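Residue-level listing of the chains:
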Amino acid sequence: MNIVPMMRPRRLGKVNVPTVTLAHGGGGKAMKDLIDDVFVEAFDNATLAPLEDQARFDLADIAAHGDRLAFTTDSFVVDPLIFPGGDIGKLAVCGTVNDLAVGGARPLYLSCAVIIEEGVTIELLRQIARSMAETRAGQGCQIVTGDTKVVHKGACDKLFITTTGIGVIPDSRVLGAHLARPGDVVLVNGLLGDHGAAILGARGDMALETPIDSDCACLHELIEALLAASPNARTLRDATRGGLATVLNEIAAASEVTIEIDETHTPIREEVKGFCEILGLDPLYLANEGKIVAVVPADEAKAALAAMLAHPLGAGASAIGTVNEGEPGRVTMRTGFGGRRIVDMLVGEQLPRIC
Amino acid sequence: MKYIDEFRDREKAAVLIKEIEALVSTIPLAKERPLNIMEVCGGHTHSIFRYGIEGMLPKEIDLVHGPGCPVCVLPMGRVDDCVAIAERPEVIFTTFGDAMRVPGSKKSLMQAKADGADIRMVYSPMDALTIARMNPDREIVFFGLGFETTMPSTALTILQAASEGVTNFSVFCNHITIVPTLKAILESPDLHLDGFLGPGHVSMVIGTAPYEFIARFYKKPMVVAGFEPLDVLQSIWMVLKQIKEGRADIENQYARVVPDDGNAAALSAVAEVYELREFFEWRGLGSIDHSGVRLREPYARFDAERRFALPNVTIADPTACQCGEVLKGMIKPWQCKLFGAACTPETPLGALMVSAEGACSAYYQYGSLKAERAGAI
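Residues numbered from 1 in each chain as written. Chains lettered and ligands numbered in written order. Predicted model: local features only at pLDDT ≥ 70, side-chain atom pairs only at ≥ 80, totals over all residues.

(A) Local environment of the overall build of chain B. Broken down by element type, chain B carries 17 helices and 13 strands. Here chain B has a C-alpha radius of gyration of 21 Å; the compact-globule value for 377 residues is 21 Å, and the two agree. Each of the three principal axes of chain B carries a C-alpha extent, and together these read 65 × 45 × 40 Å. Within chain B, the proportion of its 377 residues that are buried is 54%. Intrachain contacts of chain B at a sequence separation of at least 6 include 76% that bridge at least 24 residues. (Helix = DSSP H or I, 4+ residues; strand = E, 2+ residues; numbered from the N terminus. Rg over C-alpha atoms; globule rule 2.2 N^0.38 Å. Buried ≥ 20, exposed ≤ 12 C-beta atoms within 10 Å, placed from the backbone. Contact = placed C-beta atoms within 7 Å.)

Rendered as structure tokens:
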């Protein structure tokens, strides 16, 4: 049954001013015009089109994909809004899609709530909305509901976006941070730290020009390929804030195991290494927006790695370490130099060192 | 990376470790007790932990992590002064990143920023001067911090500001000098040190001559060391060789960066801008004579201490802190009563827990497999 009623094509409103003002948050015609002209125009799909206060789905359609719903939400406040390799819109779609996908879910529906500081240009909003629309393209996953708020100057930093996602987990797929077992192999799908370095570089605070693009990407297809090759995969996590080190610590703690990685197998771009050298940062803690950590049984590791390597978003994939018995929660690294060190959680944020 | 990977070569490291083991086995003292070698500089401490060097060394060598982290040794009273300046509405307070978390008696700069103070992280004092040019209606204060390594860049920025006639820029000068501090440590009656890795970056500015007294009067070997892991290993080997041969010399392992005479241009800028203070307060070590510098009279207009009224209160270190004993090599970080309990990187009480380069913080953060073997963490 199709519960979305057929509607007469509605004429979309148009914004005729260059910047967002408080009038666009007032609930009247100006707000409707903004939503129509910027968001409905870009997202353009049948579930969103009726502009009811909620999106409505057919339960049977959802149930066809699997036996469990996955539900997640994330807020995006990145500065700058547009950075090498992406923008806040792309990030907001990728982040939520990836949070669903690492649970084994197929992403189906997204919401998009934006908080806009007055004075932001309409053109910037259009650019971000278009970027969101293009990011979801080809994934069978749509932005089906949303909200806009406009706040006074200074009440937010230009633009904040919250996306919520619903996905469905196919029958028999069970992934969790607590499922890593001694003997398992730890994989990543490529070069680490690009997003963190790109953002720090783009902020310009450090007066360093970095030729590094964010790795921001939707990983659901890569994950499907990985899970097809490794049906008994234990754990998938996207290594966002806090980077690889944080995710490994979370997995080691939840599974009550130790994890040891090998620095020489941990892929980091020369430019990111150089950037970190200059600023005194540790790339293991830099954020990624297109990288997963996968823990798979040893006998599926080869196939899992091959599956990732065969996907464009896994071209730099590598087996970086193993899960071992030992002190629960401990993560160590064999350094390229021949030593061994503990890789702990970060206390606060990384701060550039003085000398 | 060129000029970096070469100094992180695993095979060369293995060869050096073998050489170190062979050398140690011929030193009689090492059979009685571990040889204590102090790395003066926080940068060395960081490298030692980051590359897992401690665990590679034979058990007869103990590395003692010295006072050379300028962020760590900054006393609470000075942080309070920073916060007082930063909270003035007309001020934009600029600082190196890792000073943000240093606790004052009431708050750190990070907390002051959260409370509304305009505090900005910069990578160089020149960036602070740029901010001053761009904000002529604000007072821009740079938090001058560090040993001789960073002293010249602050001095040159002040000279630049003076030549441009910038009137809204000043420096809160907390620069400190390493030699009196080494002297204070060497004077300590309960000292257990057998040799030093000298600070590479400081020496790049001051050269190697200022350390001669360590060899001559205190009969301790020192090797000025680079920061890459092979530099550290080679320098340890050089110190051991001196011990073995009964020598106490100042040697320069980091000759690719450190000229024996130092950097004349940097030294002349330093001499032009600064004069020694009578004494300066160090967290963990107390007051040390002639260990800090301030701006000379002709540059008084760039001196934030003279420009703003400051609380300037001395705040005593917490009494249970054992930072001084750790610094002198008497105890290991994890043997301090407060380590990991009352004193952690989130809530540091002692100097050495403050910055990533502090010995206690490094033990806590990177851990030490050596400490783990001792059942400590």
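After that view of the structure, there is still more to cover.
(B) Inspection of the packing of helix α7 (residues 125-134) of chain B against helix α8 (residues 151-164) of chain B at higher detail. All names here are of chain B. Look at α7 against α8: their axes get within 8 Å of each other, and the N-to-C directions meet at 25 degrees. On the basis of their axis angle, the class for α7 and α8 is roughly parallel. For the element pair α7 and α8, the recorded crossing hand is right-handed. Between α7 and α8, the contacting residues are Pro125, Met126 and Leu129 on the first element and Ser153, Thr154, Thr157, Gln160 and Ala161 on the second. Class assignment for the residues of the contact of α7 with α8 results in four nonpolar, four polar and no charged. (Axes fitted to C-alpha atoms, helices over the stretch in contact; angles between N-to-C directions. Parallel < 35°, antiparallel > 145°, perpendicular 65-115°, else oblique. Left-handed = near helix turned anticlockwise from the far one by under 90°. Nonpolar A, V, L, I, M, F, W, Y, C, P; charged D, E, K, R; others polar.)

(C) Seen up close, unusual backbone geometry. Residue and element names in this part refer to chain A. Between Asp79 and the following residue, Pro80, the backbone shows a cis peptide bond with an omega angle of 5 degrees. Its place among the elements puts Pro80 in the loop between β1 (68-76) and β2 (82-83). With a phi close to 40 degrees, Asp44 is a non-glycine residue in the positive phi region. The topology assignment puts Asp44 in the loop between α1 (29-43) and α2 (59-63). Positive phi, close to 50 degrees, is recorded for Leu51, a residue that is not glycine.

(D) Fine view of the interface of chain A and chain B. Taken together, the contact pairs 23 residues of chain A with 38 residues of chain B. Of all elements in the fold, only α8 (270-279) and β13 (340-342) of chain A reach the threshold of two or more residues within the side of chain A that touches chain B. Among the elements that take part in the side of chain A that touches chain B, α8(A) stands out by supplying four residues, more than any other. Its residues assigned to classes, the side of chain A that touches chain B shows nine nonpolar, six polar and eight charged.

(E) Quick peek at α7(B). Residues and elements named next belong to chain B. Buried within α7 are the following residues: Pro125, Ala128, Leu129 and Ala132. Along the axis of α7, the buried positions cluster into a sector of 100 degrees, meaning they face one direction only. Looking at the buried side of α7, the elements it contacts are β3 (91-95), β5 (139-146), α8 and β6 (169-175). (Arc of directions from axis to C-beta.)

(F) Summary view of the pairing of strand β7 (residues 185-188) of chain A. Residue and element names in this part refer to chain A. A two-sided burial pattern is seen for β7, the buried positions comprising Val185 and Leu187 on one face and Val186 and Val188 on the other. Examined bridge by bridge, β7 and strand β11 (residues 318-324) share four bridges and lie antiparallel to one another. From the neighbouring strand, Val185 faces β11, where its bridge partner is Thr322. (Pairing = 2+ DSSP bridges.)

(G) The arrangement of the sheet that holds β6(B) in detail. All names here are of chain B. A sheet is described by the order of its strands in space; here four strands give the open sequence β4-β3-β5-β6, paired in parallel fashion. With partners counted over all chains shown, the strands left at the sheet margins are β4 (119-121) and β6, one partner each. The mean inter-strand angle of the sheet, taken between neighbouring strand axes irrespective of direction, is 25 degrees. The sheet contact formed by β5 and β6 spans seven bridges and is parallel. Looking across to β6, one finds that Ile140 is bridged to Phe169. On the sheet, helix α5 (residues 76-86) packs against β3, β4, β5 and β6 and is oriented at approximately 140 degrees with respect to β3. Running over the sheet, α8 touches β5 and β6 and is turned about 160 degrees from β6.

(H) Representation of the packing of helix α6 (residues 220-229) of chain A against helix α9 (residues 298-309) of chain A in the model. Residue and element names in this part refer to chain A. The interhelical angle for the contact between α6 and α9, taken along N-to-C directions, is 155 degrees, at an axis separation of 8 Å. Classified by the interaxial angle, the pair formed by α6 and α9 is roughly antiparallel. Like other packed secondary-structure pairs, α6 and α9 cross with a definite hand, here right-handed. Packed against α6, whose contacting residues are Leu222, Ala225, Leu226, Ala228 and Ala229, the element α9 presents Ala303, Ala304, Ala306, Ala307 and Met308 at the interface.

(I) Inspection of the domain arrangement of chain B at higher detail. Residue and element names in this part refer to chain B. For chain B, the assigned domains read domain 1 (1-68 + 178-244 + 318-370) and domain 2 (76-176 + 292-307). At the interface, ten residues of domain 1 touch eight residues of domain 2. With four residues, the top contributor of residues to the side of domain 1 that touches domain 2 is helix α10 (residues 200-206). For the side of domain 1 that touches domain 2, the residue count by class is seven nonpolar, three polar and no charged. (Domains from an automatic or database assignment.)

(J) Spatial organisation of the confidence of the model for chain B. Taken residue by residue, chain B gives an average pLDDT of 91. The fraction at 70 or more is 97%. Here residues 373-377 of chain B scores under 50 on pLDDT; set against residues more than four positions off or in separate chains, the count is seven contacts. (pLDDT = per-residue confidence, 0-100.)

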